[in-house]
Amino acid sequence: MTKFIAPVSLAALLLAGTAAAAYAASDYTPVTDARLANPEPQNWLMTRGNYKGWSYSPLDQINTSNVKNLVPVWTFSTGVDSGHESPPIVNNGMMFVSTPYNQVIALNAATGELIWRYKRPIPEGFSALHNTNRGVALYGDKVYFAALDAVLVALDAKTGKPAWETKVADWHTGYYMTMAPLVEKGKVLVGVSGGEFGVRGSVQAFDAENGKLVWQTFSIPAPGEPGSNTWEKPDTWKRGGGSTWMTGNYDPSTNTVYWGTGNGSPWFGDQRPGDNLYTASTLALDGDTGKIKGYFQYHQNESWDWDAMNAPMLVDFQKNGATVHGLLSPQRNGYLYWLERKADGGIGFMNAMAYVKQNVFKSIDPETGRPVVDMDHKPGTGKEASFCPSLWGGKDWPYEAYNPQTGMVYVPSNDNHCGHMKGTVQEYVPGQWWTGVAIPDIGFTVDKNAAFYGEIQAFDANSGKRAWRVLYPSSMMWGSLLTTAGNLVFGGGTNDREFRAYDARTGDQLWHFKTNSGIIAPPSTYAVDGVQYVAVQSGYGVDPAFQEGLLSNLLGWQKDIPQGGVIWVFALSH
Amino acid sequence: MVEQRGNSCGCKLGRRSVLGACLGMVPWLAHADETSDPAASPPQPGDRLVFLTGEKKGQVVRVDDLPLGGPQVQAYPQDPKSGVVRNGSRLNLVVLARFAPEDLSEETRARSAHGVVAYSAVCTHQGCPVNMWSNELHVLFCSCHGSMYDPKNGAQVVGGPAPRPLPSLPLTANSDIPVVAAGFTARVGPERY
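Definitions and limits used
- Residues numbered from 1 in each chain as written.
- Chains lettered and ligands numbered in written order.
- Predicted model: local features only at pLDDT ≥ 70, side-chain atom pairs only at ≥ 80, totals over all residues.
- Helix = DSSP H or I, 4+ residues; strand = E, 2+ residues; numbered from the N terminus.
- Rg over C-alpha atoms; globule rule 2.2 N^0.38 Å.
- Buried ≥ 20, exposed ≤ 12 C-beta atoms within 10 Å, placed from the backbone.
- Contact = placed C-beta atoms within 7 Å.
- Pairing = 2+ DSSP bridges.
- Axes fitted to C-alpha atoms, helices over the stretch in contact; angles between N-to-C directions.
- pLDDT = per-residue confidence, 0-100.

### With respect to the overall build of chain A
Scanning chain A from terminus to terminus reveals 3 helices and 38 strands. Computed over C-alpha atoms, the radius of gyration of chain A comes to 22 Å, within 12% of the 25 Å expected from 2.2 N^0.38 for 574 residues, which places it in the range of a compact globule. Counting only C-alpha atoms and orienting by the principal axes, one finds that chain A spans roughly 65 × 50 × 50 Å. Expressed as a percentage of the 574 residues in chain A, the buried residues total 57%. Contacts in chain A between residues at least 24 apart in sequence constitute 61% of all its contacts with a sequence separation of at least 6.

### Notes on the overall build of chain B
Broken down by element type, chain B carries 2 helices and 10 strands. Secondary structure of chain B in N-to-C order comes out as α-β-β-β-α-β-β-β-β-β-β-β. For chain B, the residues scored as buried account for 48% of the 193 residues in total.

### Here we look at the sheet that holds strand β22 (residues 347-354) of chain A
Residue and element names in this part refer to chain A. Strand order in the open sheet made by the 4 strands is β19-β20-β21-β22, with antiparallel pairing throughout. For this open sheet the edge positions go to β19 (313-319) and β22, each flanked by a neighbour on one side alone. Direction aside, neighbouring strands of the sheet carry axes that sit 35° apart on average. As paired strands, β19 and strand β20 (residues 322-330) are joined by 7 bridges and run antiparallel to one another. Bridge pairing links Q318 to T323 in β20.

### Points about the environment of G248(A)
Residues and elements named next belong to chain A. Within the fold, G248 resides in the loop between β14 (213-218) and β15 (249-251). C-alpha separation for the pair G248 and V183, spaced 65 residues apart in sequence, amounts to 9.6 Å. Aside from chain neighbours lying at most four places away, what touches G248 is L182, L189, V257, Y258, W259 and A311.

### Re the environment of K465(A)
Residues and elements named next belong to chain A. Its place among the elements puts K465 in the loop between β30 (454-460) and β31 (466-472). On the neighbour-count criterion, K465 (10 C-beta atoms within 10 Å) is exposed. The sequence separation of K465 and G269 amounts to 196 residues, and the corresponding C-alpha distance is 34 Å. Leaving out residues up to four positions away in the same chain, K465 has contacts with F459 and D460.

### Here we look at the environment of P544(A)
All names here are of chain A. Within the secondary structure, P544 sits in helix α3 (residues 542-555). For P544 and W478, which are 66 residues apart along the polypeptide, the C-alpha to C-alpha distance reads 6.8 Å. If we ignore the near neighbours within four places in the chain, the residues touching P544 are G83, M476, W478, G518 and I520.

### Focus on the sheet that holds strand β2 (residues 73-78) of chain B
Hydrogen bonds between backbone atoms are what pair the strands of a sheet, whose relative direction is either parallel or antiparallel. Residues and elements named next belong to chain B. With respect to topology, 4 strands assemble into an open sheet ordered β1-β2-β3-β4, the strand pairing being antiparallel. Sheet topology places β1 (48-51) and β4 (116-120) at the edges, where each strand pairs with a single neighbour. Neighbour-to-neighbour, the strand axes of this sheet turn through a mean angle of 45°, independent of strand direction. In the sheet, β1 pairs with β2 via 4 bridges, with the strands oriented antiparallel. When the sheet's bridge partners are listed, F51 is paired in β2 with A75.

### Some remarks on the pairing of strand β3 (residues 94-98) of chain B
All names here are of chain B. With respect to burial, β3 is a largely interior element, 5 of its 5 residues being buried. Because side chains alternate across β3, one face comprises the buried residues V94, L96 and R98, and the other comprises V95 and A97, equally buried. The sheet contact formed by β2 and β3 spans 3 bridges and is antiparallel. Within β3, the residue paired with V73 across the bridge is L96.

### Observations concerning unusual backbone geometry
At the junction of L277(A) and Y278(A), the peptide bond is cis and its omega measures out at 0° in the coordinates. Between G70(B) and P71(B) the backbone carries a cis peptide bond, its omega angle lying at 0°. With respect to the secondary-structure elements, P71(B) resides in the loop between β1 and β2. Even without being a glycine, A280(A) presents a positive backbone phi close to 50°. Residue placement: A280(A) occurs in the loop between β16 (256-260) and β17 (281-286). Since 31 C-beta atoms lie within 10 Å of it, A280(A) is described here as buried.

### Remarks on the confidence of the model for chain B
When pLDDT is averaged across chain B, the result is 86; 81% of the residues are at 70 or more. Among the prediction metrics, the complex's ipTM stands at 0.92, with pTM recorded as 0.92.

Here it is as structure tokens:
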């Protein structure tokens, strides 16, 4: 039964948090550096499960023998459309979910009771190319949220009330944020989006208690700084791109943050001659100072919108009989990379292997990892060129997963698609698309005779041998994967609204459930009072929805995939 | 469905964005007072339009400046008396395009000047500028998610996720200069503003 309340007080009620919380304030367990470095199996304290970025859970109550009995136990409507891309974050029974439109929801993880809801107004005049959010971060008694309009907000975890907020960048000049923050040693780290708007990327670290800036490291060096000679034409560094739009991973033992950087800006490398460090790279940053300790650049003079946005997973692997402290990363450019974490913080190249059809690299130097580019497949100003895979790459941001028990890395990938485009010199307008090519002029094609487009590929992390694959003949794959000690791989990502569980060793599909919308968010898993749950948001939108429209024209696929976010929580039926 | 706004102040939202975002509804709109900040005021009758970009950036748009048949140009309204350009709010961004008058729908022709039409440039989907053009379909194309609007027919949505047409900005002609005849015909921008 509802009662009409005057608008002002209702708004205040919504913003401040409901008084009807069933969850006692004293129950909240503060999150510490020690807990983040060694998270309890029953919790999901960060978006990729652990600092190494494995998207792995040690929980095994749900396993290959019983996953067929998985049923929904509660659901919750987020109340908004657009693409839902964050996993439920869980700390001892309290769940935090971020959604599009600058919203964070706190719920009882076992029962689905609403505890509080936070909504940050979107400023008038702000436009959202990617109206989404990829997750909150936890530290102490606070929840950290990177708002779309490039403001970092700290909320009280028990009440949802804002504790502080700090401006990260100016949205008027094209900066925005969609990533989950990374917390390390009392600092909250965020990057920026805006690679299509002429930005200059950076990673910033803020004091978790008061929001003051501790350090800022730019992904594009200024004149005189190391790497600045790779921007040969004056002033191109100022709007060179290298956006830092996905969450980094962290190695506490060496206090090193690994962060990915995005495409070069504008999109056509001939307008910014040089290797363009550190676009399309992984940076190794000192956790205390932000100083660049090392880097690896996946391709030079970036010209395909192939961001290296995801930080590599920290995985130790075997090579030539020795254990390598490694980094493993399936990149947007279509290659799976094995890299080394060196003692001095540097990143060494070990091996790269194509995991989709890629026609841009003629070869990769076995020592340095530097590709030799086929110029026939490199677009330029006034020069049309086609390239495979398309700008969305072998995979986009959705997470791969690593299972230490199977020793396999599971990669959500897309094949049999290509792009073509031609560049122009475009006038810069602050806050407007500035790539050198207009969206209706970007070519996208598929092989209409291909047996599949989206797939999951499982590779042995040591040998690179493909152990199994699952093909999706009628869908691209935009689903982040979760793998568990129950020998399972969970994922959505397809246009048929399905959420699936596979045998992690064989790829056999063991369970599926059709949800309300397309799932483009990472799943998470947690336990409360001895019961394991698997949770995922289902809410289609953003790039997958745009691409589905193109595929509908090309292949006749259904383009009306329903939108509207729902949090789904599953457990074993009794 | 297009909301009709009769008064010349237009449809610019006031400072109710908190309520609007939280409740998804705005029972009333506060109109910016023209004298408080003319640069942020919505387009007023008599305003000219000035180019946002290009060789004639900042100059008044004339009919012959616009290529017949598209594409559109981006412009902000300008107070002819004071010269103030109303670029204090992104909600005032306008697109202009020129067509043969007989190619316009009757309703669109009534709001045009010498075949020049003007619309809000703010996409009704997520607020991105509708500053791209489809050479294939000859329609306005949004720079974010592919919403397409037909400039010859009231900027009706002809593709993509936009929920409603772009508001029209009725024009009249002062010799060869398109001039604002009335404020936007509907609320500008996406639902959440």
